[in-house]
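# Overview (structure and organization)
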Amino acid sequence: MGDRLHWKRVSIRRRRFLQFALGLGFAAFTGCFAPNSRDEARPLVVSTNTILTDLTQRLAQDTIRLVSILKPGDDPHVYEPVPRDTQAIEQADLILYNGYNLEPALIRLIQSGSTRGRSLAVGEVVPPLQLAEKGHRLPDPHVWGNVQNVIPMVRAIAQALITLLPAAQARFETQATTLIQELEHLDQWIRAQIQTIPPHQRKLVTTHDAFQYYGQAYGLELAGTLIGISTEEQPSAQTVKRLVTAIKQAGVPAIFAETTINPALLRTVAEEAGVQLAPQELYSDSIGAAGSGADSYITMMMANTTAIATALGGTVKPFSLPQQGQG
């Protein structure tokens, strides 16, 4: 019990620090909820997580006021709304959230009926894979792990923006076409990098079950899905022992921590299992802070793929976006 309480306190302290420190840098990207008279001429769009914020910003640019509730490093699974979140949601003309219970407290707030604008569960335009959780089969909310899933998400956001601002339809459609072209190119690049990993080493072990879509799409066996650690629970000594045993049996050269979870546990497990803890943490539920090299959805996926491929024995070629108008 003492170990579980210690891990919980460490996790809470780390999360609060990230919310404060990273939120300062993210404010310049999302804007603050303090509209002036010029801003009030534009509709207010609220997004719940950083991935949706990035995609929406790419599509809408300066046509809207965009407020992101979660900041880089925030964990949507455990985030609890604060008063300014309630204010933003109540006054929003459009609310974009992931759905599939990724952000449970925010979803409850959005669905409480105290909103004036339309809300859209963007992630739920994608048919979900399933996760086993506490004896139940539930939709896996981490749909963006497969880049192909993000394409219908982009189209759904664009259509919601068109409904909100019909006069800007041509602009939204142009931005969506460009972004989708980049996503198609990114999808192909990821596939090529993962293929450089020796086949017997294409096994991924992470701290919680956030990479099922990624693994299925790009050919990685998710050894960690059988032994994954929820962001809402602290593992027991028995779980740690099971982790070490399973990692040894899997024969992976490296395991991965994630940016939203304290890496201390996995560092211990890696040492006991005799494998490398990959030097680069993976971005699972949030993009990185400004200047991190993962501060957009595309660069986040690039950073994750680079970290995975190099740690598992593959190689990585530079990623470059296609020229405008090219496929």
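This structure is a prediction, so every number in the text was calculated from the model and none was measured.

### So, empty space enclosed by the protein
Taken as a whole and judged by the stated rule, the model has 4 cavities of 30 Å³ or more. The calculated volume of the second largest cavity comes to roughly 60 Å³. Along its surface, the second largest cavity is lined by Trp-144, Gly-145, Ala-210, Phe-211, Tyr-214, Tyr-283, Ser-284, Met-300, Met-301 and Asn-304. Counting residues per element, the lining of the second largest cavity draws most heavily on helix α10 (residues 297–311), at 3 residues.

### Focus on the sheet that holds strand β1 (residues 44–47)
In spatial order, the strands read β2-β1-β3-β4; together these 4 strands make up an open sheet with parallel pairing. Of all strands in the sheet, those with a lone pairing partner are β2 (65–68) and β4 (118–121), marking the two edges. For this sheet, the mean inter-axis angle between neighbouring strands, taken without regard to orientation, is 20°. Bridging between β1 and β2 involves 4 bridges; their strand directions are parallel. Bridging across to β2, Val-46 finds its partner in Val-67. Sitting on the sheet, helix α2 (residues 50–60) touches β1, β2 and β3 (94–97), and the angle it makes with β2 is about 165°.

### Remarks on the side chain of Gln-193
Mapped onto the fold, Gln-193 is located in helix α6 (residues 169–194). In contact with Gln-193, other than residues within four places in its own chain, are Thr-305, Ala-309, Thr-315, Val-316 and Lys-317.

### Notes on the packing of α2 against α6
Relative orientation of the contacting elements α2 and α6 amounts to 130°, with a least axis distance of 8 Å. Taken together, α2 and α6 sit at an angle that is classed as oblique. On α6, the residues touching Leu-55, Arg-58, Leu-59 and Ala-60 of α2 are Phe-172, Gln-175, Ala-176, Thr-178, Leu-179 and Glu-182. Within the contact of α2 with α6, the residues separate by chemical class into 6 nonpolar, 2 polar and 2 charged.

### Regarding the environment of Leu-131
Structurally, Leu-131 is set in strand β5 (residues 130–133). Look at Leu-131 and you get buried, because its relative accessible area is 14%. Residues Leu-131 and Pro-141, spaced 10 residues apart in sequence, show a C-alpha to C-alpha distance of 9.1 Å. Residues within four places of Leu-131 in sequence aside, it is in contact with His-136, Arg-137, Leu-138, Asp-140, Pro-141, Asp-209 and Gln-212.

### Notes on α10
In this model α10 runs 21 Å from its N-terminal to its C-terminal C-alpha over 15 residues, within 8% of the 21 Å that 1.5 Å per residue would give. Those residues of α10 lying buried are Tyr-297, Ile-298, Met-300, Met-301, Asn-304, Thr-305, Ala-307, Ile-308, Ala-309 and Ala-311. Packing partners of the buried residues in α10 comprise α2, α5 (147–164), α6, α7 (212–218), β7 (254–255) and β8 (276–277).

### Focus: the nonpolar core
Of all hydrophobic cores here, the largest spans 66 residues; its most connected members are Tyr-297 and Ile-308. At the level of elements, α2, β3, α5, α6, α7 and α10 are the ones that each hand at least two residues to this core. The element that contributes the greatest number of residues to this core is α5, accounting for 11 residues. Apart from the residues within four sequence positions on either side, Ile-308 is in contact with Ile-194, Ile-197, Leu-204, Tyr-214, Leu-220, Phe-256 and Leu-282.

### With respect to the packing of aromatic side chains
Geometry of an aromatic ring pair is reported as the spacing of the ring centres plus the angle between the planes. The tally for this structure, following the rule as stated, stands at 3 aromatic pairs. A ring pair is formed by Trp-189 and Phe-319, whose centres lie 5.3 Å apart and whose planes are at 75°; its orientation type is edge-to-face. Here Phe-319 lies in the segment after α10 and Trp-189 lies in helix α6, a separation of 130 residues in the sequence. With relative accessibility at 16%, the residue Phe-319 sits in the buried group.

### Describing the pattern of salt bridges
The tally for this structure, following the rule as stated, stands at 4 salt bridges. The shortest N-O distance in the salt bridge between Asp-62 and Arg-171 comes to 2.8 Å. Here Arg-171 lies in helix α6 and Asp-62 lies in the loop between α2 and β2, a separation of 109 residues in the sequence. Accessibility expressed as a relative area gives 35% for Arg-171, which makes it partly exposed.

### Concerning the environment of Ile-64
Inspection of the secondary structure assignment puts Ile-64 in the loop between α2 and β2. Residues Ile-64 and Val-45 lie 19 residues apart in sequence; the distance between their C-alpha atoms is 6.7 Å. If near-sequence neighbours (up to four positions away) are discounted, Ile-64 is found in contact with Arg-42, Pro-43, Val-45, Thr-56, Leu-161 and Leu-165.

Thresholds, definitions, all that
Residues numbered from 1 in each chain as written. Predicted model: local features only at pLDDT ≥ 70, side-chain atom pairs only at ≥ 80, totals over all residues. Heavy atoms only, no water. 1 Å grid on protein atoms, 1.4 Å probe; cavity = no way out; pocket = protein on both sides within 12 Å on 5 of 7 lines; lining within 4 Å. Points joined across faces, edges and corners; volume = space filled by probe spheres on them. Helix = DSSP H or I, 4+ residues; strand = E, 2+ residues; numbered from the N terminus. Pairing = 2+ DSSP bridges. Axes fitted to C-alpha atoms, helices over the stretch in contact; angles between N-to-C directions. Contact = heavy atoms within 4.5 Å. Parallel < 35°, antiparallel > 145°, perpendicular 65-115°, else oblique. Nonpolar A, V, L, I, M, F, W, Y, C, P; charged D, E, K, R; others polar. Buried < 20%, exposed > 50% of the residue type's maximum accessible area, 1.4 Å probe, protein only. Expected span 1.5 Å × (residues − 1). Core = buried A, V, L, I, M, F, W, Y, C linked by side-chain atoms within 4.5 Å. Phe/Tyr/Trp six-rings, centres within 6.5 Å; stacked < 30°, edge-to-face > 60°. Salt bridge = Lys/Arg side-chain N within 4 Å of Asp/Glu carboxyl O.

So far we have only geometry, and geometry alone does not tell us how the molecule works.
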